[in-house]
Amino acid sequence: MCKSWIGQAKMSESLQNESASVPSSEADSEIFPTDINAATTLVGLFGWPVSHSISPQMHNAAFVARQMNWRYLAFAVPPNRVPEAVGALPALGLRGVNVTVPHKQAVMPHLQHWTPAAEAIGAVNTIVVEEDGQLTGDNTDGAGFIADLQAHNVDPAGKRALVIGAGGSSRAVVYGLAEAGVKSITILNRTVTKAVDLASTMQSYFPEIKIGSAAFPDDVTGSAQDADLIVNCTSLGMEPRIEGLPWEENVEFREDQIVYDLVYNPAMTRLLQLASTDGATAIGGLGMLVYQGAIAWEKWTGEAAPVAVMQQATNIIFERR
Ligand code: ATR
């Protein structure tokens with residue numbers, strides 16, 4: 001008998017003795033670090049980099065809460081390997097992935113279907129692997145923003161919105177607002193041509209809503225008066241440059257105005273501080289992050305997402321940072 005075989009036999013005997021001497025659940029938790037097994041269903045995140053993401057904790061907390069044998073992993077996909085990574089999803093049996101920077105547009109040509117939201121926003125943040133293996137690209141950012149507004153008892157329907165910024169997140173917010181039936185949208189941006197382009201694109205999808213553009217910061221004073229809902233979609237005020245302000249210091253907020261800052265780090269931005277001091281309703285962007293994830297989770301699993309659990313997981317991560 002070969003020596004290494006004897007060693008293995010002894011080891012397995014000692015493992016059997018150990019597991020016989022403790023209750024099985026305790027033994028399981030000692031031997032297996034998690035309950036991942038051959039039946040585990042996988043979803044995840046494609047980005048580059050992805051190490052900063054809190055999505056794995058948020059989604060896995062939801063799987064644990066629902067006692068589902070699913071796991072969410074973050075995949076750092078180099079830009080030149082996006083086609084391979086997307087193509088591998090059905091072959092590996094993943095149910096879907098979230099997509100983050102810089103791949104939100106790059107994945108699009110490799111999908112068989114796009115939802116109207118993904119098409120209008122021009123970016124995909126969620127891929128769903130359909131039962132037949134076809135890939136559908138969706139964008140849950142706009143719907144996540146609206147869901148968080150509603151969670152704060154704000155109904156955007158009929159409101160006059162002022163959106164600051166004309167980048168990727170602004171496209172999603174403008175789409176979400178238009179879908180939710182706002183009365184009008186004014187887009188302010190430092191680079192005015194981008195605001196003009198975004199307004200014109202969204203106007204073609206929503207001819208019934210008045211969508212205009214203007215310059216940031218010059219037109220803040222003129223636009224503030226007519227706004228019921230003000231949304232910051234720029235990075236101004238974000239860590240580490242928390243002194244940034246996507247507003248004009250001397251322009252006061254009204255008590256009936258709602259100010260939503262997509263920036264969630266810090267939780268209380270300078271913009272939200274000013275709004276709150278003036279008596280306006282001030283809402284930070286962490287809830288949008290949770291809801292865009294919850295909506296994606298529901299699309300993959302077909303179950304109602306445990307939003308409170310996802311919110312709690314997100315809060316814990318941010319408190320620890
Ligand atoms: P995201 O995906 O978060 O929307 P993005 O697409 O890079 O990021 O867009 C960033 C937005 O913040 C843009 O509207 C940008 O304005 P420009 O289009 O003029 O670049 C805005 N932004 C970033 N830094 C800014 C600054 N210092 N002052 C004003 N606007 C700023």
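Here the structure is a predicted model, which is why all the values come from computation and not from measurement.

**Some points on the packing of helix H7 (residues 168-179) against helix H8 (residues 192-205)**
Then, in step 1: For the pair H7 and H8, the least separation of the axes is 11 Å and the interaxial angle reads 35°. In the packing of H7 onto H8, the handedness of the crossing is right-handed. Counting all contacts with H7, which are made through Ser170, Arg171, Val174 and Tyr175, the residues of H8 involved are Leu198, Thr201 and Met202.
Then, in step 2: Classifying every residue of the contact of H7 with H8 gives four nonpolar, two polar and one charged.

**Here's the deal with the site of the ligand**
Then, in step 1: Surrounding the ligand, one finds 14 residues, the nearest of these being Ser169, Asn189, Arg190, Thr191 and Lys194.
Then, in step 2: In the model, an oxygen atom of the ligand is placed 2.8 Å from a nitrogen or oxygen of the Arg190 side chain.
Then, in step 3: Lys194 places a side-chain nitrogen or oxygen 2.7 Å from an oxygen atom of the ligand.
Then, in step 4: When the ligand sits alone it has 640 Å² of accessible area, and the protein chains cover 65% of it.
Then, in step 5: Split into classes, the residues belonging to the shell around the ligand amount to four nonpolar, eight polar and two charged.

**Some details on the pairing of strand E7 (residues 160-164)**
Then, in step 1: Summarising burial for E7: four of the five residues are buried, a large majority.
Then, in step 2: Both E7 and strand E8 (residues 184-189) contribute to a ladder of five bridges, which runs parallel. Looking across to E8, one finds that Ile164 is bridged to Leu188.
Then, in step 3: Note that the unit made of E7, H7 and E8 has a crossover that is right-handed.
Then, in step 4: Bridge analysis of E7 against strand E10 (residues 229-232) gives four bridges, and the strand direction is parallel.

**Examining the environment of His110**
Then, in step 1: With respect to the helices, strands and loops of the structure, His110 is situated in the loop between strand E3 (96-99) and strand E4 (113-114).
Then, in step 2: By relative accessible area, which is 31% here, His110 ends up partly exposed.
Then, in step 3: For His110 and Ala65, which are 45 residues apart along the polypeptide, the C-alpha to C-alpha distance reads 33 Å.

**Description of the domain arrangement of the protein**
Then, in step 1: For the protein, the assigned domains read domain 1 (41-139 + 288-317) and domain 2 (142-284).
Then, in step 2: With centres defined by C-alpha atoms, the gap from domain 1 to domain 2 works out at 26 Å.
Then, in step 3: On the side of domain 2, 16 residues touch domain 1, which itself brings eleven residues to the contact.
Then, in step 4: Of the roughly 1100 Å² buried at the junction of domain 1 and domain 2 (both faces included), carbon and sulfur atoms supply 70%.
Then, in step 5: The largest contributions to the domain 1 side of the interface with domain 2 come from Ala120, Ile121 and Met288, which together make up 56% of the buried area.
Then, in step 6: The interface formed by domain 1 and domain 2 contains zero salt bridges.
Then, in step 7: In this assembly, domain 1 and domain 2 are joined by two residue pairs in polar contact (both at pLDDT 80 or more).

**Some details on the nonpolar core**
Then, in step 1: In terms of nonpolar packing, the biggest core is built from 35 residues, with Phe145, Val173, Leu177, Ile185 and Ile187 touching the most fellow members.
Then, in step 2: Listing elements by their share of this core, those giving two or more residues are helix H5 (116-121), helix H6 (141-151), E7, H7, E8, H8, E10 and strand E11 (258-261).
Then, in step 3: Among the elements that take part in this core, H7 stands out by supplying six residues, more than any other.
Then, in step 4: When residues of this core are sorted by domain, at least three fall in each of domain 1 (41-139 + 288-317) and domain 2 (142-284).
Then, in step 5: In this structure, Ile185 is in contact with Ala161, Val163, Val174, Leu177, Ala178, Ile209, Lys210, Ile211 and Gly212, ignoring residues within four places of it in sequence.
Then, in step 6: In this structure, Val220, Ala224, Trp247 and Phe253 belong to the second largest nonpolar core, which totals 18 residues.

**Re the sheet that holds strand E9 (residues 210-215)**
Then, in step 1: If you trace the six strands from one edge of the open sheet to the other, you get E9-E8-E7-E10-E11-E12, paired in parallel fashion. Every interior strand has two partners, whereas the edge strands, E9 and strand E12 (281-284), have only one. Strand-to-strand twist of the sheet, defined as the mean angle between neighbouring strand axes without regard to direction, takes the value 15°.
Then, in step 2: Sheet contacts for H8: E8 and E9; angle to E9, the most-contacted strand, approximately 175°.

Rules used in this analysis
- Residues numbered from 1 in each chain as written.
- Predicted model: local features only at pLDDT ≥ 70, side-chain atom pairs only at ≥ 80, totals over all residues.
- Heavy atoms only, no water.
- Axes fitted to C-alpha atoms, helices over the stretch in contact; angles between N-to-C directions.
- Helix = DSSP H or I, 4+ residues; strand = E, 2+ residues; numbered from the N terminus.
- Left-handed = near helix turned anticlockwise from the far one by under 90°.
- Contact = heavy atoms within 4.5 Å.
- Nonpolar A, V, L, I, M, F, W, Y, C, P; charged D, E, K, R; others polar.
- Near = heavy atom within 4 Å.
- Polar contact = N/O pair within 3.5 Å; in protein donor to acceptor, adjacent residues only side chain to side chain.
- Areas by Shrake-Rupley, 256 points an atom, 1.4 Å probe, with all protein chains shown as cover.
- Buried < 20%, exposed > 50% of the residue type's maximum accessible area, 1.4 Å probe, protein only.
- Pairing = 2+ DSSP bridges.
- Right-handed = clockwise from strand over helix to strand, strands pointing away.
- Domains from an automatic or database assignment.
- Buried area = accessible area lost by both parts, 1.4 Å probe.
- Salt bridge = Lys/Arg side-chain N within 4 Å of Asp/Glu carboxyl O.
- Core = buried A, V, L, I, M, F, W, Y, C linked by side-chain atoms within 4.5 Å.

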